[in-house]
Amino acid sequence: MSGLLLLWWTSISLAAGSLAWISALVIGRLFREQKDARRARDRNRACDAFLDVMNGSGDALGRLRGVDHRARLMGESLLELLAMVRGVERERLITALRSIQLDDRLRRRLFKGRIAGRMVAAEALSIFPGPETVRALRAALDQTRNGNLRVALMRSLIELDAAPPLAQVLQDVHRSRGPESLLYLPLMGRLVNGDTRAALRAFGDPDTPPRARVILAEALGASGDFRALRPLCITTGAPDFELRIASVRGLAAMGHPAAEGRILAALEDPVWMVRSAACEAAGRIGLRTAVPLLITQLSDPVWWVRFRAGEALSALGPTGVRGLQAAATGPGDRPRRAASLALAERGLAMTAA
């Protein structure tokens, strides 16, 4: 009998615990929804006040009382609004917000609180140029090791014409983990455009970390500076396959036909990701001499390479289309299917038939 009672009490305890857990989740969700609703109302209130300030209303700043101390909320509202505003109204709003010391609150917010709020503060400070802002951003950059926050800080420094040294950014890229390094690509593009010569020196330096060279390769290609053409051509044969991929993509972005020989060689690279990038590059540059190799790649064992080869052939005009049509009616299941797919996507399936 005692065993049966124990079973009953255990069941009741488990049921009560489950009920308490579910109740806690429901109550927590209600609190979150209320908090989110209040935050949305406060953001709308801040945006309305900002709009009134830009329209010249003298008492608009008074309506910010109660939310003006919330640096993250003010920063988010400001960034959202000023992304669509330029000219006199923008300057009027910035001057008014300086008068209530919002820029000072944002500078203090860089060093405390959650990372998301500190990132908002870093981005919003690009709207308030000045030596105090630059010093605060640099001090925060020296203190933090969080990759997302460092990117936000660097972005604002670049916006304020106080860009960090290229070597520092390259070291950050080297220390970053996997996909996190891609966060630095837009920054690297800005730095490369600002000083292409320094970027080329770093790219050619064997001591530059491998991951940083990969990011530099794409940024140099996107810069459109033809001084990068020869270094990128050389690194399409680098031992590091990631650098080969980035170099081929850089050449594709540059779009110069002088890269023809390197792109043709990359089409036969042992790494399928390099072959895929080379197919795309051949189409973007318009290399009609690549048509025979691209037709061969329609038989590649990797589907993505076949797909990119079909895309490239269809982009190469009548010569490429004729190659696709021949493959679509020729021997081999892989090339037939890849060519038929490429033709069908461009409304040319009837011609292939």
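First, a word on what this report is: a plain description of the structure on this page. It should be emphasised that the depicted structure is a prediction, and the values quoted were computed from it without experimental measurement.

With respect to the overall build of the chain
Thought 1: A count of helices and strands for the chain gives 20 helices and zero strands.
Thought 2: The C-alpha radius of gyration of the chain comes to 29 Å, more than 25% above the 20 Å expected for a compact globule of 353 residues.
Thought 3: Its C-alpha atoms put the chain at 80 × 70 × 45 Å along the principal axes.
Thought 4: For the chain, buried positions account for 45% of its 353 residues.
Thought 5: The contacts of the chain with a sequence gap of at least 6 include a subset with a gap of at least 24, amounting to 62%.
Thought 6: Carbon and sulfur atoms make up 56% of the accessible area of the chain, which amounts to about 18700 Å² in all.
Thought 7: Distance from the positive charge centre (50 side chains) to the negative charge centre (35 side chains) of the chain: 3 Å.

Structural notes on unusual backbone geometry
Thought 1: The phi angle at Gln101 is positive, at roughly 60°, despite the residue not being glycine.
Thought 2: On the secondary structure map, Gln101 appears in the loop between helix H3 (88-99) and helix H4 (102-109).
Thought 3: Of note in the backbone geometry, Asp161 takes a positive phi value of approximately 60° without being a glycine.
Thought 4: Within the fold, Asp161 resides in the loop between helix H7 (147-159) and helix H8 (166-175).

A closer look at a nonpolar patch on the surface
Thought 1: On the surface, Leu4, Leu5, Leu7, Trp8, Trp9 and Ile12 cluster together into a nonpolar patch covering about 690 Å² of accessible area.
Thought 2: The residue Leu5 is located in helix H1 (residues 2-54) in this model.
Thought 3: On the accessibility criterion, Leu5 (43% relative accessible area) is partly exposed.

Quick word on the environment of Ala309
Thought 1: Topologically, Ala309 is positioned in helix H17 (residues 303-315).
Thought 2: Along the backbone, Ala309 and Pro231 are 78 residues apart, and their C-alpha atoms lie at a distance of 26 Å.
Thought 3: Setting aside residues up to four positions removed in sequence, Ala309 forms contacts with Cys279, Leu294, Gln297 and Leu298.

Thoughts on the nonpolar core
Thought 1: Formed by 106 residues in total, the largest nonpolar core has its most connected members in Leu97, Met188, Ile263 and Leu294.
Thought 2: If near-sequence neighbours (up to four positions away) are discounted, Met188 is found in contact with Leu166, Val169, Leu170, Val173, Ile215, Leu216 and Ala219.

Some remarks on helix H13 (residues 241-254)
Thought 1: Between its first and last C-alpha, H13 extends 20 Å over 14 residues, near the 20 Å set by a 1.5 Å rise per residue.
Thought 2: Of all 14 residues in H13, 10 are buried; the element is thus mostly enclosed.
Thought 3: Buried residues of H13: Leu243, Arg244, Ile245, Ala246, Ser247, Val248, Gly250, Leu251, Ala252 and Met254, and no others.
Thought 4: The inward-facing, buried residues of H13 abut helix H10 (196-204), helix H11 (210-223), helix H12 (229-235), helix H14 (260-266) and helix H15 (272-285).
Thought 5: After H13 finishes, the residue Gly255 shows a positive phi value of roughly 70°.

Structural notes on the packing of helix H18 (residues 317-328) against helix H19 (residues 333-345)
How two helices sit against one another is set out by the angle between their axes and by the gap between those axes.
Thought 1: For the pair H18 and H19, the least separation of the axes is 7 Å and the interaxial angle reads 135°. Classed by the angle they form, the pair H18 and H19 counts as oblique. For the pair H18 and H19, the crossing hand works out as left-handed. Here Val321, Leu324, Gln325, Ala327 and Ala328 of H18 come into contact with H19, specifically with Pro335, Arg336, Ala339, Ser340, Ala342 and Leu343.

Digging into the side chain of Ser77
Thought 1: For Ser77, the position within the fold is in helix H2 (residues 71-82).
Thought 2: A distance of 2.9 Å separates the side chain of Ser77 from the backbone oxygen of Leu73, its partner in a polar contact.
Thought 3: Contact partners of Ser77, with chain neighbours within four places excluded, come to Arg43, Ala46, Cys47 and Phe50.

So, a positive patch on the surface
Thought 1: A cluster of basic residues, Lys35, Arg38, Arg41 and Arg114, forms a positive patch on the protein surface.
Thought 2: Residue placement: Lys35 occurs in helix H1.

Rules behind the numbers
Residues numbered from 1 in each chain as written. Predicted model: local features only at pLDDT ≥ 70, side-chain atom pairs only at ≥ 80, totals over all residues. Heavy atoms only, no water. Helix = DSSP H or I, 4+ residues; strand = E, 2+ residues; numbered from the N terminus. Rg over C-alpha atoms; globule rule 2.2 N^0.38 Å. Buried < 20%, exposed > 50% of the residue type's maximum accessible area, 1.4 Å probe, protein only. Contact = heavy atoms within 4.5 Å. Areas by Shrake-Rupley, 256 points an atom, 1.4 Å probe, with all protein chains shown as cover. Lys, Arg positive; Asp, Glu negative; His and termini not counted. Charge placed at Lys NZ, Arg CZ, Asp CG, Glu CD. Patch = residues over 30% accessible without salt bridge, like charges linked within 9 Å, V, L, I, M, F, W, Y side chains within 5 Å. Salt bridge = Lys/Arg side-chain N within 4 Å of Asp/Glu carboxyl O. Core = buried A, V, L, I, M, F, W, Y, C linked by side-chain atoms within 4.5 Å. Expected span 1.5 Å × (residues − 1). Axes fitted to C-alpha atoms, helices over the stretch in contact; angles between N-to-C directions. Parallel < 35°, antiparallel > 145°, perpendicular 65-115°, else oblique. Left-handed = near helix turned anticlockwise from the far one by under 90°. Polar contact = N/O pair within 3.5 Å; in protein donor to acceptor, adjacent residues only side chain to side chain.

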